[in-house]
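So the chains spell out like this:
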Amino acid sequence: MVPQKLEVIDTTKSTVTLAWEKPLHDGGSRLTGYVIEASKAGTERWLKVVTLKPTVYEHTIISLNEGEQYLFRVRAQNQKGVSEPREIVTAVTVQDQKVLPTIDFAGIPQKTIHVPAGKPIELAIPIEGRPPPAASWFVAGSKLKESERIKIETVAKMAKLTVRETTIHDTGEYTLELKNTTGTVTDTLKVIILDKPGPPVGPIRIDEIDSNYVTISWEPPELDGGATLSGYVVEQRDAHRPGWLPVSESVTRTTFKFTRLVEGYRFRVLACNAGGPGEPAEVPGTEGLMVRQGGVIRLTIPIKGKPIPVCKWTKEGHDISKRAMIATSDTHTELVIKDAEREDSGTYDLALENKCGKKAVYIKVRVIGIPNPPEGPLEYDDIQARSVRVSWRPPTDDGGADILGYIVERREVPKTAWYTVDSRVKGTSLVVKGLKENVEYHFRVSAENHFGISKSLKSEEPARHLQKNGCGIIRHRLQLQCTQSQDLFQMLSINSVSLLKMTLVKVKQVLRKYKMSSDGRNHTLTVITDEQEDEGLYTCMATNDVGEIETSFISCCHEASIW
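Thresholds, definitions, all that
- Residues numbered from 1 in each chain as written.
- Predicted model: local features only at pLDDT ≥ 70, side-chain atom pairs only at ≥ 80, totals over all residues.
- Heavy atoms only, no water.
- Helix = DSSP H or I, 4+ residues; strand = E, 2+ residues; numbered from the N terminus.
- Buried < 20%, exposed > 50% of the residue type's maximum accessible area, 1.4 Å probe, protein only.
- Contact = heavy atoms within 4.5 Å.
- Areas by Shrake-Rupley, 256 points an atom, 1.4 Å probe, with all protein chains shown as cover.
- Pairing = 2+ DSSP bridges.
- Axes fitted to C-alpha atoms, helices over the stretch in contact; angles between N-to-C directions.
- Core = buried A, V, L, I, M, F, W, Y, C linked by side-chain atoms within 4.5 Å.
- Phe/Tyr/Trp six-rings, centres within 6.5 Å; stacked < 30°, edge-to-face > 60°.
- Salt bridge = Lys/Arg side-chain N within 4 Å of Asp/Glu carboxyl O.

## Quick look at the overall build of the protein chain
And then number 1: Tallying secondary structure elements over the protein chain gives zero helices and 50 strands in all.
And then number 2: The burial tally for the protein chain puts 40% of its 563 residues in the buried class.
And then number 3: Expressed as a percentage of contacts within the protein chain between residues at least 6 apart in sequence, the contacts between residues at least 24 apart total 63%.
And then number 4: When the accessible surface of the protein chain is summed, it comes to about 32100 Å², and 49% of that surface belongs to carbon and sulfur atoms.

This is the structure:
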């Protein structure tokens, strides 16, 4: 009746835990218990540790000395006496075990759980590790902290997490981290809260707008509520009246066109699943009143009070009576501005006052329209035989919407027809290619936003293109100054790929009193003079192996001011 399979199942710095199985037979008498004995390694002295009931097959021996080695044995006992012992043949060292932590998600299929909204998340995950690991929980990279809603605990090799009063925002990746002296391990499971979907992803875009219709678009919600989206509901309301009204409850695409609108409106979109409509996403910039440029701003506000309050309208603290028509009755006050301009955008303030007190209302008005023309002047550079770079600046007013791009057009001189070069230029410059040699061109540029195309910025002077590798005088508008005390003035800047000769002539006589400098491509002439007689008509001739070109100007010298 010797006990079977005696083994050590755990050690700490002061304990050893043993386990065994009952004997194969009881020796003809009912077992009454088990006796555990211990001996320090290297001695023959065995001491009785404890006597246990016959139903106990595991025991932890305490108060042992850390680092010392012991031998252990177990005897079975019945009414006739004790059996031969079952011994641990190898001495056991009393010490803490070191085992890397482990996480067991085997009981969670596909490591995903579904929880109805409002019900608690309850996780109890088996863990191992020596020393016992510390457990932490993370959601989307942020560590969870205990609160009235969140409880975190580790009990009997179980890491537990409870989250009460759940909402769709509790959906996410939940990471369990275990850490002890041997290292750190993590594992992740997915929690899906079954709820109505979250808001569509914005910002909601205004793709097209007019005085009586608007087309908007959006992206699906990031949180679908744990169920397939069935569609969208779009709603509309008057900008200064309460209550949302459904426009359509069966929208299947992520775009919608509102029609038969009146001036001043707001709208929003809600995603739907089997649980119903979710959280709304409103169109940005429509809080208050949005009016198309040239339309009518009409603010009608119900009022009440005894005595009837005195109403005063202002716009951002300034009097508005000269720009707006204002009418007030016992029940309403109304502000109207016809032919709305972009400058009419802003916050309109209504102050109500009677002897009982004061009250203020603030209404945001946004006037939208086409942008201003791009800022000029149009500038040319990098002039080649068949191309030129045209540059401009953004408009001072974008019309209340992002600039989608610029439209660049060209016209040959002396023709009158304009041709589009590019209809969606993202930057503020464009290299125009495919031009003809020895032809002058005018250019014009327009800005475009969601609401239309601006007026054009036109070139003041044409850009001229010559034969390949030819030379051209590219600055004809000269700023010439000289005084009797200043004998040098810069006269011309010439662009050429290969310049062989440059000559300055005054009244058909070659002038010798000038200097020329060059950086290899741009050439500058400077006239040396301090004489009044040097006034007159000058002609500059530039020559290379392809041809010759010239330009003329009149020089006038002025005496310096004397202070």
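## Here's the deal with the sheet that holds strand β27 (residues 297-302)
And then number 1: Spatial strand order, β27-β31-β30: three strands in an open sheet with antiparallel pairing. Edge positions in the open sheet fall to β27 and β30 (325-328), since each of these has one partner strand only. Ignoring which end each strand starts from, the neighbouring axes of this sheet average 10 degrees apart.
And then number 2: When β30 meets strand β31 (residues 332-337), the two strands line up antiparallel, connected through four bridges. By the bridge assignment, Ile326 is partnered in β31 with Leu335.

## Topic: the nonpolar core
And then number 1: If you look at the biggest cluster of nonpolar residues, it comprises 24 residues, and the most contacted ones within it are Ile121, Leu161 and Leu176.
And then number 2: Every element with two or more residues in this core is listed here: β11 (112-116), β12 (121-130), β13 (134-139), β15 (150-154), β16 (158-163), β17 (172-180) and β18 (183-194).
And then number 3: Leu161 has contacts with Ile121, Glu122, Leu123, Trp137, Leu144, Ile150, Lys151, Ile152 and Tyr174, leaving out every residue within four places of it along the chain.

## Quick notes on the packing of aromatic side chains
And then number 1: One pass over the structure, following the stated rule, counts seven aromatic pairs.
And then number 2: Measuring from centroid to centroid gives 5.4 Å for Trp218 and Tyr232, while their planes differ by 70 degrees, and the two rings are edge-to-face. Taken together, the residues Trp218 in strand β20 (residues 213-219) and Tyr232 in strand β21 (residues 231-237) connect sequence positions 14 residues apart.
And then number 3: Relative to Tyr406, the ring of Trp392 lies with its centre 5.5 Å away and its plane at 65 degrees, an arrangement referred to as edge-to-face. On the criterion of sequence distance, the pair formed by Trp392 in strand β35 (residues 388-393) and Tyr406 in strand β36 (residues 405-412) is long-range, its members being 14 residues apart.

## Observations concerning the side chain of Ser83
And then number 1: Positionally, Ser83 belongs in the loop between β7 (81-82) and β8 (86-87).
And then number 2: Judged by its relative accessible area of 6%, Ser83 falls in the buried class.
And then number 3: Once residues within four sequence positions are removed from consideration, Ser83 is found in contact with Met1, Val2, Pro3, Arg75 and Ala76.

## Points about the sheet that holds strand β1 (residues 4-11)
And then number 1: Read across the sheet, three strands follow the order β1-β2-β5 without closing on themselves; strand pairing throughout is antiparallel. Sheet topology places β1 and β5 (58-61) at the edges, where each strand pairs with a single neighbour. Neighbouring strand axes in the sheet, compared pairwise and without regard to direction, differ in orientation by 20 degrees on average.

## Observations concerning the pairing of strand β32 (residues 346-354)
And then number 1: The pairing of strand β28 (residues 310-315) with β32 spans six bridges and is antiparallel. By the bridge assignment, Trp313 is partnered in β32 with Leu350.
And then number 2: Taken together, the nine bridges between β32 and strand β33 (residues 357-368) define a ladder with antiparallel strand orientation. Bridge pairing links Asp349 to Tyr362 in β33.

## Comments concerning the environment of Pro131
And then number 1: Within the secondary structure, Pro131 sits in the loop between β12 and β13.
And then number 2: A residue is classified by how much of its surface remains accessible, and Pro131, at 26% relative accessible area, is partly exposed.
And then number 3: When the C-alpha positions of Pro131 and Asp96 are compared, they lie 7.2 Å apart, and in sequence the two are 35 residues distant.
And then number 4: Not counting chain neighbours up to four residues away, the residues in contact with Pro131 comprise Gln97, Asn180 and Thr181.

## A look at the pattern of salt bridges
And then number 1: Enumeration according to the criterion identifies 19 salt bridges in this entry.
And then number 2: Its salt-bridge partner being Lys40, residue Glu68 comes within 3.5 Å of it at the nearest N-O pair. Placement of the pair is Glu68 in the loop between β5 and β6 (69-78) and Lys40 in strand β3 (residues 31-40), with a sequence separation of 28 residues.
And then number 3: Judged by its relative accessible area of 40%, Lys40 falls in the partly exposed class.
And then number 4: Across the salt bridge formed by Glu153 and Lys151, the nearest N and O atoms sit 4.0 Å from each other.
And then number 5: Among the charged side chains, a salt-bridge network with shared partners connects Glu37, Arg73, Arg75 and Glu87.

## As for the environment of Leu100
And then number 1: Position of Leu100 among the secondary structure elements: in strand β10 (residues 99-103).
And then number 2: On the accessibility criterion, Leu100 (43% relative accessible area) is partly exposed.
And then number 3: Along the backbone, Leu100 and Thr181 are 81 residues apart, and their C-alpha atoms lie at a distance of 8.2 Å.
And then number 4: Apart from residues lying up to four places away in sequence, Leu100 is in contact with Gly129, Thr182, Gly183, Thr184 and Val185.

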